[in-house]
Amino acid sequence: MLQRQDLLGLIDVSKEEITEILDLAHEFKTRIKAGEKKMGYLTGKTATILFYENSTRTRTSFEQAAKYLGMTTINIEAGTSSVAKGETLVDTGKTLDAQKNDFIIMRHPMGGAPYLLAKTVQASVLNAGDGINEHPTQALLDMLTMRETFGSLQGLKVAILGDIKHSRVAKSNLFGLKTMGAEVRMFAPETLIPKGMDQLGATICSSREEALKDVDVVMGLRIQLERQKAGNFPSLGEYAANYGVNEEHLALAKPNAIVLHPGPVNRGVELTSAVIDHERSRIEDQVLSGVAVRMAALCLLDEARK
Ligand code: NCD
């Protein structure tokens, strides 16, 4: 049983809770693969999907997950809602609560916004990415793909390369993977690694070779151009040459290592096209893991509310 009614970040989610989510997600993924599309465990429940930031896969993934579970969903894009008229997040939350929503799934450009919403509303809040803070369901889906490949997360060596500074995915993965007993290495230009990552348990590597040597998982992260107000590196070409991963670099990892990326990818920047499309790439599998993990999170949060 989850010890919470909202899923805001992995910073305080226990090993038992992560295991419970991954176990159920694995079951859902197996059933989806077998062609099942109606698993009406949450029939009659409602979710509002409230996105203040762009998204393709996360939004559709949550929506698909809710639909497979028989739920009714409403999509709100901040640009077309009363937010554009100046309504505060708390007031938006109160309105959604008055409509008796069971879940609010929110993406917001400000770190901490879902925590504020969760304090205000009765509905369960799922964080679909808050600023540069956390993106818990992305890390859970990454962990599902890793666990299904290797059987366990305990002792896995995971290298995260790319824009770590602006990445909520990197932080949620660090929290989740450390809780599950994995080793997390990080490699990027110094300007793209926030201070304190080592204190949170990451091994900061000083070369691509050190980062990739004998790892089980190579995770590329997008260089988030929209968040680069201060130029953190000279050019994308230089980034790709000095920090990107090509097939030669991939050969440093274990022979059965897998490649992950949360998407969207900048082809040829953080990973070359050959690596993205490599037989060891699990980027497409991650997408299906995403639907399954979100179904599991919705079901388990619902159970915890009862
Ligand atoms: C990520 C995000 O939005 O945090 N993408 C995603 O959810 N699949 C990473 C990114 O935008 O680069």
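For clarity, every value in this text was computed on a predicted model and none was experimentally measured.

About the cut-offs
- Along each chain, residues carry numbers from 1 onward, in the same order as the chain's sequence is written.
- A pLDDT threshold of at least 70 governs which residues receive local features in this predicted model, and a stricter bar of 80 or more applies before side-chain atom pairs are shown or counted, although totals over entire chains, interfaces and linings include all residues.
- Each side-chain value is derived from all of the structure's non-hydrogen atoms; neither hydrogens nor water enter the calculation.
- Proximity is defined per residue: any heavy atom of the residue falling within 4 Å of a molecule or strand makes that residue near it.
- Side-chain atoms alone can form a polar contact between residues adjacent in sequence; in general such a contact is a pair of N or O atoms within 3.5 Å, and within protein one must be able to donate a hydrogen while the other accepts it.
- Accessible surface area values rest on a Shrake-Rupley calculation with a 1.4 Å probe, where residue burial reflects the displayed protein chains alone.
- Throughout this entry, Asp, Glu, Lys and Arg are counted as charged residues, while Ala, Val, Leu, Ile, Met, Phe, Trp, Tyr, Cys and Pro are counted as nonpolar. The remaining residues, Gly among them, count as polar.
- Domain start and stop positions are those given by an automatic or database domain assignment.
- Runs of H or I in DSSP of at least four residues are treated as helices and runs of E of at least two as strands, each being numbered from the N terminus.
- Expected span, for any helix, means 1.5 Å times one less than how many residues it has.
- Buried means the residue's accessible area, taken with a 1.4 Å probe over protein chains only, is under 20% of the maximum for its type, while exposed means over 50%, and partly exposed covers the values in between.
- The criterion used for residue contact is that any of the two residues' heavy atoms lie within 4.5 Å.

Enquirer: What am I meant to see in the site of the ligand here?
Expert: All residues in the neighbourhood of the ligand are listed as R57, T58, R107, H135, Q138, R168, V169, R222, Q224, P262, G263 and P264. Contact between the ligand and R168: an oxygen atom at 2.6 Å from a side-chain N or O atom of the residue. Contact distances for the ligand include 2.9 Å between a nitrogen atom and a backbone N or O atom of G263. Contact with the protein chains covers 93% of the free accessible surface of the ligand, which is 320 Å². Residue classes in the shell around the ligand are distributed as three nonpolar, five polar and four charged. For the shell around the ligand, the two domains that each supply at least three residues are domain 1 (15-134 + 287-305) and domain 2 (136-283).

Enquirer: Could you clarify how one ought to interpret helix α6 (residues 168-179) in this entry?
Expert: In an α-helix, one full turn covers 3.6 residues, which means residues spaced three or four apart are oriented alike. With 12 residues, α6 ought to run about 16 Å at 1.5 Å a step, and its terminal C-alpha atoms sit 17 Å apart, in line with that. For α6, the tally of buried residues reaches 10 of 12 residues, placing the bulk of the element in the interior. Among all positions in α6, only R168, V169, A170, K171, S172, N173, L174, F175, G176 and L177 are buried. Two residues or fewer past α6, G181 is found with a positive phi of approximately 85 degrees.

Enquirer: Which parts of the structure should I look at to understand the environment of G44?
Expert: Along the chain, the position of G44 falls in the loop between α1 (15-33) and β1 (46-51). Setting aside residues up to four positions removed in sequence, G44 forms contacts with G70 and D102.

Enquirer: I keep staring at unusual backbone geometry and nothing clicks. Help me out?
Expert: Leaving glycine out, the prevailing phi sign among residues is negative, and the prevailing peptide bond configuration is trans. Following G263, the chain continues to P264 via a peptide bond in cis, the omega torsion being -10 degrees. Summarising the element assignment, P264 is placed in the loop between β9 (258-260) and α10 (273-276). Positioned with a positive phi, D214 is a non-glycine residue whose angle comes to about 60 degrees. Here D214 is to be found in the loop between α7 (208-212) and β8 (217-220).

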